[in-house]
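Listed below are the residues making up each chain.
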Amino acid sequence: MKYCPMCGTTLTSTFDHYLPAVKFPEFAVHALNLVPCCALCNSTKDDDWLTVTGHRQYLHPFSDEVPQVEFLFVDLNEADDNLSVGATFYLSRPQDIDEPLWSIIERHFERLHLLRRYSELSNDEIREILAACSVFLTAGGTDFASFLRESAREAEETFGFNHWRARLMWRMALHPHVGGWIRSQMRP
Ligand SMILES: [Zn+2]
């Protein structure tokens, strides 16, 4: 797996004990309890896997089954000069996700600061996506909208349905101003 399954932003560099090894030494080397993840998620997650009322704080990337419905949304924010675009991510519960699972998803996102991390990373990511579109046009491509939709579909298949990159690409692919943003990137 390329990206950390807890946040989907960086390469994995460590293993997290989903159940803290201090409290559950019997599961310390159990395969499902060893989740490859990035150092930031690992240090944030720490040993607090349960709330004080005994509810799980984090999704388990391999054993929790989250329905393939959109719950991560993104708004694109255009600067006044129309030349730069930023993104703001937010969660919204779809009907197909029941309340107990939804509250784990919300805690997972909140405790790992995922919405803020995604919004911060989006500045670079949007620039890269627009740059890829410019290359596509420079190479003789014309239909940048379907190029973007295809890239979004690939990101969805590779990283997962609610992966932040996939949601961001979809949002860009369907935005009416995306052509202007690409052209402003191509100016010398
Ligand atoms: Zn991570």
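The structure we're discussing is the one just above.
Below is a short write-up of the structure. This structure is a prediction, so every number in the text was calculated from the model and none was measured.

1. Considering the layout of surface pockets
When its volume is computed, the largest pocket comes out at roughly 690 Å³. Surrounding the largest pocket, 28 residues form its lining, Pro 5, Pro 61, Phe 159, Gly 160 and His 163 being those nearest its centre. Among the elements of the structure, α2 (99-111), α3 (114-138) and α4 (144-159) are those that each provide at least two residues to the lining of the largest pocket. Each residue belonging to the lining of the largest pocket can be placed in one class, and the counts come to 18 nonpolar, eight polar and two charged.

2. Re the coordination of the zinc ion
Around the zinc ion, the protein contributes the donor atoms Cys 4 (SG), Cys 7 (SG), Cys 38 (SG) and Cys 41 (SG), which lie 2.3 Å from the metal centre. Considering all four donor atoms around the zinc ion, angles at the metal cover 105 to 114° and the coordination shape is tetrahedral. Here the donor residues for the zinc ion map to a single chain with the spacing C-x2-C-x30-C-x2-C. According to the relative accessible area criterion, Cys 4 is buried, its value standing at 1%.

3. Side note on the nonpolar core
Core analysis: the largest hydrophobic core is formed by 46 residues, its most contacted members being Cys 41, Leu 76, Phe 89, Ile 105, Ile 126 and Leu 168. Elements represented by at least two residues in this core include exactly β2 (34-37), β3 (72-78), β4 (85-91), α2, α3, α4, α5 (164-173) and α6 (178-186). No other element matches α5, which puts seven residues into this core. Beyond its immediate sequence surroundings of up to four residues, Phe 89 is in contact with Leu 72, Phe 73, Val 74, Leu 115, Tyr 118, Ser 119, Ser 122, Trp 164 and Leu 168.

Rules of the game
- Residues numbered from 1 in each chain as written.
- Predicted model: local features only at pLDDT ≥ 70, side-chain atom pairs only at ≥ 80, totals over all residues.
- Heavy atoms only, no water.
- 1 Å grid on protein atoms, 1.4 Å probe; cavity = no way out; pocket = protein on both sides within 12 Å on 5 of 7 lines; lining within 4 Å.
- Points joined across faces, edges and corners; volume = space filled by probe spheres on them.
- Helix = DSSP H or I, 4+ residues; strand = E, 2+ residues; numbered from the N terminus.
- Nonpolar A, V, L, I, M, F, W, Y, C, P; charged D, E, K, R; others polar.
- Donors = N, O, S within 2.8 Å, 3.2 Å for Na, K, Ca; no water.
- Tetrahedral: all angles 85-135°; square planar, octahedral: opposite > 155°, others 65-115°.
- Buried < 20%, exposed > 50% of the residue type's maximum accessible area, 1.4 Å probe, protein only.
- Core = buried A, V, L, I, M, F, W, Y, C linked by side-chain atoms within 4.5 Å.
- Contact = heavy atoms within 4.5 Å.

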